[in-house]
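Understanding the architecture of this molecule
Single-letter residue listing:
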Amino acid sequence: MSRLYVARNPRVAARSLDGEMMIMSGRDSTLFTLNRTATILWQAADGATPLDEIVEHKICPEFDVEPAVALHDAEALARELAGHEILQVSEQPIPPRNAPSGESR
Amino acid sequence: MPELIAEVERLSLVIEVGGMPVRVNTSDPGFLGMLQNRYTGFLSDSGQPEIEFDVDLVPPNSANPDADVHVSQRLGLWCLTRGDFRAEWEPAAGRGWIRQSANPYSIDSVLRIVHTLVLARQGGFLLHSASAIRDGKAFLFAGVSGAGKTTISRLAPPDATLLTDEISYVRRQDSGYVAFGTPFTGELAKVGENVSAPVAALYLLAQGPENRIDPIPHPEAARSLLANVLFFAEDEDLVQLAFHSALEFVSRVPVSRLTFVPDARVWELIR
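What comes next is a walk through the structure. Sequence order as written defines the numbering, with residues in each chain counted from 1. Lettering of chains starts at A and numbering of ligands starts at 1, both following the order in which they are written. Local features in this predicted model are restricted to residues whose pLDDT is 70 or higher, and side-chain atom pairs enter the listing and the counts only when it is 80 or higher, whereas totals over whole chains, interfaces and linings include all residues.

Brief notes about the sheet that holds strand β7 (residues 85-90) of chain B
Residues and elements named next belong to chain B. Spatial strand order, β3-β1-β2-β4-β8-β7-β6-β5: eight strands in an open sheet with mixed pairing. Here the strands that pair on one side only, and so sit at the sheet edges, are β3 (43-44) and β5 (70-74). Strands in contact with helix α1 (residues 29-38) are β1 (11-17), β2 (20-26), β3 and β4 (51-57); relative to β1, the strand with the most contacts, it is inclined by about 20 degrees. Packing of helix α2 (residues 104-120) onto the sheet brings it into contact with β1, β2, β4, β5, β6 (77-82), β7 and β8 (95-100), and relative to β7 it is tilted by some 35 degrees. Here a strand pair is declared whenever DSSP counts at least two bridges between the two strands. A run of H or I in DSSP becomes a helix once it reaches four residues, and a run of E becomes a strand once it reaches two; helices and strands are each numbered from the N terminus. Residues are scored as being in contact if the C-beta atoms we place from backbone atoms lie within 7 Å. Fitted lines through C-alpha atoms serve as axes, helices being fitted only where they are in contact, and the angles separating the N-to-C directions of these axes extend from 0 to 180 degrees.

Take a look at the structure:
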């Protein structure tokens, strides 16, 4: 089974406000507020760490959930965020562009 | 051979909103007079305008002024279009032109758009809100149409100076924000006073059975603010700047919900 890699889309603006991660699409100005799981995924999405490692090291310790279930849900979440062009998803590591941190500013 | 080219007299005035002087050139005395009336209180004798527009007047047509605005930038040149006008502006040169019929509404829209573009790079914005100064502090009252911007403006006591009943001008300054008066009017059709003051609070308006102020968490404040910021540009960089400006604002300025009954006692809470 191939591994998935996720990276933040550098074309969105992101900022955490009182613990809520807010993201705005630069393309159409749509505003998103991420829930806790999506925020963890966003912050860990460096393009180099496989999704299963993110789930194992970042998500599972935060939630009482089976790793296999968590990975299944995380994949669905990653693809949903990719559909909104918030994240990029690939079966290959994604080279960094210009969004090295969890917040774009 | 007689000289066939007659020099057209160039008439101009400078409109200064938010401390940014914009020179407008026209060859039509009637249009100049129209602008002088429209922008009374906001005319400046600044000899160094930051932006200069040449207005090319065309015959009126049936173009729809309520059509969508398109604002895009390519190679440093902004193009602004709506049914009733077309304009270009090159920030690096500080110059541009506007093609419209002889009416004050088209150029008013162009000026609003240009101010949003300039402010976005400086951490400020235009906001759908009424605003007023009281005791040296500026208060903003934001809300969708019908929320009470006109009502709160109409109820303002004599010691409050109305900056606008419709479009507030917010500029980042030092560690805070300053609100300026604007000529951009709403239902009151009353031009604001051309003065400014530090922003003390932003109130999100709601009409209800009593007068009360309730603090709003930062994320909700940011969402509400973003919903009321005037922004037209189809430009990813500026969208990101506007986003960060709004979140920075709610981190520095108290944002509350102001529920009010429509009588003047609500102003007892605004100090």
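Further notes follow.
Focus: the interface of chain B and chain A
Each partner contributes to the interface: chain B provides twelve residues, whereas chain A provides 15 residues. Of all the secondary-structure elements, those providing two or more residues to the side of chain B that touches chain A are α4 (218-228) and α5 (236-252) of chain B. The leading source of residues in the side of chain B that touches chain A is α5(B), at six residues. Side-chain classes are defined by residue name, with Ala, Val, Leu, Ile, Met, Phe, Trp, Tyr, Cys and Pro counting as nonpolar, Asp, Glu, Lys and Arg as charged, and the others, Gly among them, as polar. Residue composition of the side of chain B that touches chain A, by class: seven nonpolar, three polar and two charged.

Brief notes about unusual backbone geometry
Residue and element names in this part refer to chain A. For aspartate 18, which is not glycine, the phi torsion reads 50 degrees and is therefore positive. Its place among the elements puts aspartate 18 in the loop between β2 (12-17) and β3 (20-25). Here the phi dihedral of glutamate 85 falls at roughly 60 degrees; this positive angle occurs in a residue that is not glycine. Checked against the element boundaries, glutamate 85 lands in the loop between α3 (67-83) and β6 (87-90).

Considerations on the sheet that holds strand β5 (residues 46-50) of chain A
Residue and element names in this part refer to chain A. As summarised here, the arrangement of the three strands in space is β5-β1-β6, forming an open sheet in which the pairing is antiparallel. Of all strands in the sheet, those with a lone pairing partner are β5 and β6, marking the two edges. Strand-to-strand, the axes of this sheet are offset by a mean angle of 25 degrees, without reference to chain direction. Lying on the sheet, helix α2 (residues 51-59) is in contact with β1 (5-8) and β5; it crosses β5 at an angle near 75 degrees. Where α3 meets the sheet, it contacts β1 and β6, and its direction lies at approximately 125 degrees from that of β6.

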